[in-house]
Amino acid sequence: MGQTKNSPEYASFFAVMGASSPMIFSALGAVYGMGKSGAGMAAMPELIMKSIIPVVMAGIIAIYSLVVAVLIANSLNDGISLYRSFLQLGAGLSIGLSGLAAGFAIGIVGDASVWGTAQQPRLFVGMILILIFAEVLGLYGLMVALILSTK
């Protein structure tokens, strides 16, 4: 990689970290969310269809990060500027860390809600609303990441 005035040798490192960090952090959040709510679901096989919603919602978080990681990875090129690589790092961390937080929230809420819905079926609508608010955290990160990565 040739070094120019706006393109130091280490600039590509930050861009590659921007492409990999969404999947690293968001996959951790999605796995936690699926594992935590899936464990509660396995204990209640009679409510399998209602209990699978938190597991699916946690998996969707990883899809948001996959989209951003692919966008960033496809825009990598030789001689990338330091400014552009920091934008890509910010985009990756934005969706990755918000996906991590959303996955944790979905896991905690999903596990408690599965147990609560088994005891009181009227809690199902409340569970869905809280899960939607947790999922929106990932969408906020996706919006910021898309803005940063296309700047």
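From a predicted model like this one, the values you see are computed outputs, not experimental measurements.

Re the packing of aromatic side chains
Then, number 1: Summed over all chains, the structure comprises four aromatic pairs.
Then, number 2: Arranged with centres 6.3 Å apart and planes meeting at 85°, the rings of Tyr-10 and Phe-14 form a pair that is edge-to-face.
Then, number 3: An aromatic cluster is present here, built from Tyr-10, Phe-13, Phe-14 and Phe-86 joined pairwise through their rings.
Then, number 4: Its end group placed over the ring of Phe-124, Lys-50 keeps NZ or CZ at 5.0 Å from the ring centre.

Considerations on the pattern of salt bridges
Then, number 1: Overall, the coordinates contain one salt bridge when judged by the stated rule.
Then, number 2: Notably, a salt bridge pairs Asp-111 with Lys-36, separated by 3.7 Å at the nearest N-O pair. In this pair, Asp-111 is assigned in helix H4 (residues 82-119) and Lys-36 in helix H1 (residues 11-42), connecting sequence segments 75 residues apart.

Here's the deal with the packing of helix H3 (residues 53-74) against helix H5 (residues 123-149)
Then, number 1: Two elements in contact, H3 and H5, have axes separated by 10 Å at closest approach and are oriented at 5°. The orientation of H3 with respect to H5, classified from their angle, is roughly parallel. Every residue of H5 that contacts H3 at Ile-53, Pro-54, Met-57, Ile-60, Ile-61, Tyr-64, Val-68, Leu-71 and Ile-72 is listed here: Phe-124, Ile-128, Leu-131, Ile-132, Glu-135, Gly-138, Leu-139, Leu-142, Ala-145, Leu-146 and Ser-149.
Then, number 2: The residue inventory of the contact of H3 with H5, partitioned by class, reads 17 nonpolar, two polar and one charged.

Let's talk about the UniProt feature "transmembrane region" (unreviewed entry) in the protein chain
Then, number 1: Under the UniProt annotation, the feature "transmembrane region" (unreviewed entry) is placed at residues 12-32, 52-74, 86-110 and 122-148.
Then, number 2: The span residues 86-110 is 100% helical and 0% strand by assignment, and the distance between its end C-alpha atoms comes to 35 Å.
Then, number 3: As annotated, residues 122-148 has a helix share of 96% and a strand share of 0%, and its two end C-alpha atoms lie 41 Å apart.

Considering the UniProt feature "domain: V-ATPase proteolipid subunit C-like" (unreviewed entry) in the protein chain
Then, number 1: Residues annotated by UniProt as "domain: V-ATPase proteolipid subunit C-like" (unreviewed entry) correspond here to residues 17-72 and 89-148.
Then, number 2: Helix makes up 89% of residues 17-72 and strand 0%, with an end-to-end C-alpha separation of 10 Å.
Then, number 3: Spanning residues 89-148, this segment combines 95% helix with 0% strand, and its end C-alpha atoms are found 9 Å apart.

Observations regarding the nonpolar core
Then, number 1: Counting 18 residues, the largest nonpolar core has Val-68, Ile-95, Ile-106 and Leu-131 as its most contacted members.
Then, number 2: Elements supplying a minimum of two residues to this core: H3, H4 and H5.
Then, number 3: Not counting residues within four places of it along the chain, the set of residues in contact with Ile-106 comprises Pro-54, Met-57, Ala-58, Ile-61, Asp-111, Leu-131, Ala-134 and Glu-135.

So, how was this worked out
- Residues numbered from 1 in each chain as written.
- Predicted model: local features only at pLDDT ≥ 70, side-chain atom pairs only at ≥ 80, totals over all residues.
- Heavy atoms only, no water.
- Phe/Tyr/Trp six-rings, centres within 6.5 Å; stacked < 30°, edge-to-face > 60°.
- Lys NZ or Arg CZ within 6 Å of the ring centre and 35° of its normal.
- Salt bridge = Lys/Arg side-chain N within 4 Å of Asp/Glu carboxyl O.
- Helix = DSSP H or I, 4+ residues; strand = E, 2+ residues; numbered from the N terminus.
- Axes fitted to C-alpha atoms, helices over the stretch in contact; angles between N-to-C directions.
- Parallel < 35°, antiparallel > 145°, perpendicular 65-115°, else oblique.
- Contact = heavy atoms within 4.5 Å.
- Nonpolar A, V, L, I, M, F, W, Y, C, P; charged D, E, K, R; others polar.
- UniProt positions renumbered as here; feature names shortened; annotations may be inferred.
- Core = buried A, V, L, I, M, F, W, Y, C linked by side-chain atoms within 4.5 Å.
- Buried < 20%, exposed > 50% of the residue type's maximum accessible area, 1.4 Å probe, protein only.

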